[in-house]
Amino acid sequence: MFDWNDLRFFLELQRSGRLLTAAKRLNTTHSTVARHIESIEKHLGTALFVQHAQGYELTPSGQALLKHAEAMENVALLAQEEITQAITPLGKIRLGVTEGIGIMFFTPRMNALFQRYPGLEVELVAVPRFVSILNREAEISIHLERPSADLLITRKLTDYRLALYASQDYLDRAPPLHSREDLARHSWIGYVDDLLFSQELLFLNSFCRAPNVVFRSTSVIAQQQAAQAGLGIAVLPNYMARHNPGLVRVLPSETIQRSYWICTRRELHKSVRLRVVWDYLLALCAAEQDALLAE
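Residues numbered from 1 in each chain as written. Predicted model: local features only at pLDDT ≥ 70, side-chain atom pairs only at ≥ 80, totals over all residues. Heavy atoms only, no water.

Enquirer: Pulling in residues and values, what's your account of helix 10 (residues 272-287)?
Expert: With 16 residues, helix 10 should cover 22 Å at 1.5 Å per step; its first-to-last C-alpha distance of 22 Å lies within 8% of that length. Looking at helix 10, one finds that the buried residues are R273, L274, V276, V277, W278, Y280, L281, L282, L284 and C285. (Helix = DSSP H or I, 4+ residues; strand = E, 2+ residues; numbered from the N terminus. Expected span 1.5 Å × (residues − 1). Buried < 20%, exposed > 50% of the residue type's maximum accessible area, 1.4 Å probe, protein only.)

Spelled out as structure tokens, the structure:
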């Protein structure tokens, strides 16, 4: 039988697709990763990966091993969770979330969670992309679209509204803005189209058929800063912008609504530390509907 420890390297290479990336995540060298993969392949008598220009891809034998390796990993995680909770309640939980709600909404409202659970440690991974639950980048993840993987438990976290914002300095310099028809004459701030991680972010055309976009960023916080600096009009979540003294709401009747979804792996949903954070986020969003759905 092959060494069970080799499966850690097998799973990491499958998730990252590259030896160097897998080695970095495992805090080792790429040659060590390759050696563990070769060890499994030697014991099983079959190749588990094929290498392409884009990285490593599982062979049919690798696909067959994957479900068993993930099942073994899940059992190990549950055993660790049970023992850890018996020794010291709570501990560390990693929350993956897009940066707007992660930085501008959750972070200022986390104090009550830590006051209630002083043994808790939260790692907030707030980035302008989806954080993968299946690839173990986080234990809880917030998405703009509903994930459909069978291994996940998913719930709608909340709806939220977005509107048009600009600085008063920009509005003083720009053409008059009294109706939707005037928007075509204005400068816009938006996302980098070919780097969008969700089609839910394609909302400029909901307001203007052919917007003149002068500044683009993968970061909604950068877009907010650009609007404050007077570069143009930005579409921003109301929870980020409505109380910002550097921004003015433009055409208040023009809004759009989107949703956030919260998910985790099925086997982790029984975790005490995960449920503490999971339930807190759901309760927080339910209590803050006035901020999230502000007109």
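Enquirer: Help me get a handle on helix 1 (residues 6-16), residues and values and all.
Expert: Along an α-helix, residues three or four positions apart point the same way, because every turn accommodates 3.6 residues. Extensive coverage of helix 1 is indicated by the burial of nine of its 11 residues. At the C-terminal side of helix 1, G17 shows a positive phi close to 80 degrees.

Enquirer: Break down the packing of helix 5 (residues 99-106) against helix 8 (residues 220-228) for me, citing the residues and quoting the values.
Expert: Running from N to C, helix 5 and helix 8 point in directions that differ by 70 degrees, and their axes come no closer than 8 Å. With respect to each other, helix 5 and helix 8 are oriented roughly perpendicular. Across the interface between the two elements, E99, G100, I103 and M104 of helix 5 pack against V220, I221 and Q224 of helix 8. Among the residues making up the contact of helix 5 with helix 8, the classes are represented as four nonpolar, two polar and one charged. (Axes fitted to C-alpha atoms, helices over the stretch in contact; angles between N-to-C directions. Parallel < 35°, antiparallel > 145°, perpendicular 65-115°, else oblique. Contact = heavy atoms within 4.5 Å. Nonpolar A, V, L, I, M, F, W, Y, C, P; charged D, E, K, R; others polar.)

Enquirer: Help me get a handle on the pairing of strand 6 (residues 152-166), residues and values and all.
Expert: Of all the 15 residues making up strand 6, 12 are buried; the element is thus mostly covered by neighbouring parts of the structure. Pairing geometry for strand 6 and strand 10 (residues 248-265), over 14 bridges, is antiparallel. Its bridge partner being in strand 10, K156 is matched across the sheet by W261. Sheet analysis places strand 6 next to strand 9 (residues 233-237), joined by four bridges and oriented antiparallel. Residue pairing across strands places L164 opposite V235, the latter belonging to strand 9. (Pairing = 2+ DSSP bridges.)

Enquirer: Let's hear about the side chain of S16: which residues, and what values?
Expert: For S16, the position within the fold is in helix 1. There is a polar contact of 2.9 Å between the side chain of S16 and the backbone oxygen of E12. The contacts of S16, once residues within four sequence positions are left out, are T21, A22 and R25. (Polar contact = N/O pair within 3.5 Å; in protein donor to acceptor, adjacent residues only side chain to side chain.)

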